[in-house]
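# Structural features, examined
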Amino acid sequence: MSEQARRRPHKPYRRPQKDPVRMLAFEALRAVDERDAYANLVLPPLLKKAREKGDFDGRDAALATELVYGTLRRQGTYDAIISACIDRPLREVDPPVLDVLALGAHQLLGTRIPTHAAVSASVELARVVLGDGRAKFVNAVLRKISQQDLDAWVAQVAPPYDKDAEDHLAVVHSHPRWVVSALWDALGGGRAGIEDLLEADNERPEVTLVARPGRSTTEELAAVTETLPGRWSPYALRMAEGGEPGAIEAVKDGRAGVQDEGSQLVALALANATLEGSDARWLDGCAGPGGKAALLAALASARGAALLASEKQPHRARLVERALAGNPGPYQVIAADGTRPPWRPGSFDRVLMDVPCSGLGALRRRPEARWRRRPEDLDGFAPLQRALLTEALSAVRVGGIVGYATCSPHLAETRVVVDDVLKKVGGAELIDARPFMPGVPALGDGPDVQLWPHLHGTDAMYLALLRRTA
């Protein structure tokens, strides 16, 4: 060693600094990956804890939320870009490293955070959670990513549309190829419609409130929080600027709730469908977690009808009880399997069966679901969906109405199920659901209804109304 090198002072080791915002975002992503958790369930308690410790203000919470949801929504695109910047298959990179890289990629390509700040903050996070060695790898990859903007990267990593349209759309809009194919089949039409839908899936949805009739009003809610009127439901208000719905007194005591407008429209259509004869007993056969049941119970109360809310899972049945607590009219909540029901056939005048499904209609709210679901999952839902609709038709009296609903536009979960059950069961007919969503445009040729995020600003809810004829 030279005398000059011997005299050069050693640079002291600098401990990495913890950034509370990025640490929280990383924790949320790890929970989604390791525990199959949903970000909308994981993030609120993490934010609450950070606020209680004094680590966060409102701007910090907003940034952490954007980092988590933005990273999850664009995960497929970011994975393709990261893959182009490393010399090994993506599957050989440890998942925590990928999470740090994806967070960094989103800051570089999906936010206005300056390049140097995005890289340095991500490298600092890597030093804290991964160690100095892997932090160097993160630094090298992110510096490559920072050399181009998102459009340039997408042009490089996505196949041309005219060579492979579905794969092009999958990379550009960050959806698995099979989901792109399924949504395109359900939507029909050309390129513009499917691109609009996929883009809408990647937008942050508004928080929508429901004023439960007879218990609160939209005027009451509008007086205490900054809102816009709902587009279609007379009971809806949109919190366009975000905010804390849980802090609103009417929401705290159950007189109002948080409920997507598409979900409200489904409940309203069933409640408003033309019915001859008695209208005293209503059933929600898959009631958890309780949003539609609470709206139906309020509507039923106004007419002197009673609602039975049934939910198979006891813990979800307790959520339904909480949602219905304080409803002025008669109601009952039970834990029961809708495929082996305790009620007698022909007991009800109106029945809602909002069946378990893939959830492909709510990808705006649960972006991670697109990566978690597989095509074969639909095979698992299919027998249950058919069994529940069959039992719903048995539960309703002759002349009564059944509403079959899913939060999925996939044809295998919507029209195919309804057609199969009608052929097998007999004694029932489809009625036109469109007149019972007055003012809502672009409802298609009927008789069933498919709502869309890009056309209606709602989740992609599906509804078929069936009348029991024999």
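Everything below is about the structure shown above.
The notes below deal with the structure included here. These numbers were taken from a predicted model, which means no experiment stands behind them. (Residues numbered from 1 in each chain as written. Predicted model: local features only at pLDDT ≥ 70, side-chain atom pairs only at ≥ 80, totals over all residues. Heavy atoms only, no water.)

### Notes on the overall build of the protein
Stated formally: Secondary structure elements are defined from DSSP: runs of H or I of at least 4 residues count as helices, runs of E of at least 2 residues count as strands, and each element is numbered from the N terminus. Every radius of gyration here is taken over C-alpha atoms, with the globule rule written as 2.2 Å times N^0.38, N being the number of residues. Accessibility here uses a 1.4 Å probe with only protein chains present; expressed as a share of the type maximum, an area under 20% marks a residue as buried, one over 50% as exposed, and anything in between as partly exposed. Here, two residues are considered to be in contact whenever any of their heavy atoms come within 4.5 Å of each other. Accessible surface is estimated by sampling points in the Shrake-Rupley manner with a 1.4 Å probe; for residues, cover comes only from the protein chains shown. His residues and chain termini do not enter the charge count, which takes Lys and Arg as positive and Asp and Glu as negative. For the purpose of locating charges, the reference atoms are NZ of Lys, CZ of Arg, CG of Asp and CD of Glu.
Across its full length, the protein holds 21 helices and 12 strands. In terms of C-alpha radius of gyration, the protein reaches 25 Å, essentially the compact-globule figure of 23 Å for 470 residues. Taking the principal axes of the C-alpha coordinates as reference, the protein spans close to 100 × 50 × 40 Å. Going through the 470 residues of the protein one by one, you find that 52% of them count as buried. Taking all contacts inside the protein whose residues are at least 6 apart in sequence as the whole, residues at least 24 apart take part in 72%. Accessible surface computed for the protein: about 21,500 Å², of which carbon and sulfur atoms make up 50%. The distance from the centre of the 60 positive side-chain charges to the centre of the 61 negative ones in the protein is 5 Å.

### Re the pattern of salt bridges
Put simply, the test is: Think of a salt bridge as a Lys or Arg side-chain nitrogen and an Asp or Glu carboxyl oxygen that are within 4 Å of each other.
Taken as a whole, this structure holds 32 salt bridges when the rule is applied. Here D19 makes a salt bridge to R22, at a shortest N to O gap of 2.6 Å. Here R22 falls in the buried class, since its relative accessible area comes to 10%. One network of salt bridges, in which partners are shared, links R30, D33, E34 and D99.

### A closer look at the pairing of strand 1 (residues 207–211)
The test is simple: Criterion used throughout: strands pair if DSSP finds at least two bridges between them.
Burial analysis of strand 1 places four of its five residues in the buried class, the great majority of the element. Judged from the three bridges that link them, strand 1 and strand 4 (residues 256–258) form a sheet pairing that is antiparallel. Each residue of the ladder has a partner; that of L209, found in strand 4, is V258.

### Remarks on the sheet that holds strand 3 (residues 236–239)
What counts is decided by this rule: All axes are obtained by fitting lines to C-alpha atoms, using only the stretch in contact for helices, and the reported angles, taken between N-to-C directions, cover 0 to 180 degrees.
The antiparallel open sheet is built from four strands, whose spatial order is 2-3-1-4. Whereas interior strands pair on both sides, the edge strands pair on one side only; in this sheet they are strand 2 (228–229) and strand 4. In terms of strand pairing, strand 2 meets strand 3 through two bridges, oriented antiparallel. For P229, the partnering residue across the bridge sits in strand 3 and is L237. Running at roughly 30 degrees to strand 1, helix 15 (residues 261–272) makes contact with strand 1 and strand 3 of the sheet.

### Describing the packing of aromatic side chains
Formally: To pair, rings of Phe, Tyr and Trp, with the six-membered ring standing in for Trp, must have centres within 6.5 Å; the planes then decide the type, stacked if under 30 degrees apart, edge-to-face if over 60, and tilted in the middle. Definition used: whenever NZ (Lys) or CZ (Arg) falls within 6 Å of the ring centre and also within 35 degrees of the ring normal, the charge is taken to sit over that ring.
If you walk through the whole model with that rule in mind, you get two aromatic pairs. Measuring from ring centre to ring centre gives 6.0 Å for W343 and F348, while their planes differ by 85 degrees; the resulting arrangement is edge-to-face. F348 carries the same exposure label as W343, and that label is buried. The interplanar angle of 75 degrees and the centroid separation of 6.4 Å between the aromatic rings of Y404 and Y462 together place this pair among those described as edge-to-face. Taken together, the positions of Y404 in strand 9 (residues 396–406) and Y462 in strand 12 (residues 462–468) put the pair 58 residues apart, joining distant regions of the chain. By relative accessible area, Y462 is classed as buried at 2%. When the ring centre of F137 is taken as reference, the NZ or CZ atom of R88 above it lies at 4.8 Å. When the ring centre of Y161 is taken as reference, the NZ or CZ atom of R191 above it lies at 3.8 Å.

### Details of the state of the cysteines
Where we set the bar: The criterion for a disulfide is a pair of cysteine sulfur atoms lying within 2.5 Å.
Taken as a whole, this structure holds zero disulfides when the rule is applied. Looking at C407, it has no disulfide partner, and the nearest cysteine sulfur is the one in C357, 5.8 Å off. C407 gets classed as buried once you look at its relative accessible area, which sits at 16%.

### Focus on the packing of helix 10 (residues 165–173) against helix 12 (residues 191–201)
Note the cut-off: Each angle receives one of four descriptions, namely roughly parallel if under 35 degrees, roughly antiparallel if over 145, roughly perpendicular if within 65 to 115, and oblique otherwise. Note on convention: the crossing is left-handed when the near helix lies turned anticlockwise from the far helix by less than a right angle, right-handed when the turn is clockwise. Just so you know the grouping, Ala, Val, Leu, Ile, Met, Phe, Trp, Tyr, Cys and Pro go in nonpolar, Asp, Glu, Lys and Arg go in charged, and all remaining residues, Gly too, go in polar.
Relative to each other, helix 10 and helix 12 sit at 30 degrees, their axes nearing to 10 Å. Taken together, the axes of helix 10 and helix 12 lie roughly parallel to each other. Pair helix 10 / helix 12 crosses with right-handed handedness. Two secondary-structure elements touch here, helix 10 through H168, L169 and H173 and helix 12 through R191, I194, E195, L198 and E199. Considered class by class, the residues forming the contact of helix 10 with helix 12 number three nonpolar, two polar and three charged.

### Regarding the nonpolar core
Worth spelling out the cut-off: For the purposes of this section, nonpolar cores are sets of buried Ala, Val, Leu, Ile, Met, Phe, Trp, Tyr and Cys residues that join through side-chain atoms within 4.5 Å.
Membership of the largest hydrophobic core comes to 51 residues, with the highest contact counts inside it found for L24, F56, V68, V138 and I145. Those elements giving two or more residues to this core turn out to be helix 2 (20–35), helix 3 (39–53), helix 4 (58–73), helix 5 (75–84), helix 6 (95–109), helix 7 (115–129) and helix 8 (132–145). Considering every element that reaches this core, the biggest residue donor is helix 2, with nine residues. In contact with V138, not counting residues within four places along its chain, are V97, V100, L101, S122, A126 and L130. By size, the runner-up hydrophobic cluster in this structure holds 44 residues, among which are L275, A297, M437 and L465.

### Considering the pairing of strand 3
Burial along strand 3 is two-sided: A236 and R238 and L237 and M239, pointing in opposite directions, are all buried. By the bridge criterion, four bridges tie strand 1 to strand 3 in an arrangement that is antiparallel. Across the sheet, residue L209 finds its bridge partner in strand 3, namely L237. Here strand 2 folds back onto strand 3, and the loop between the two strands holds six residues.

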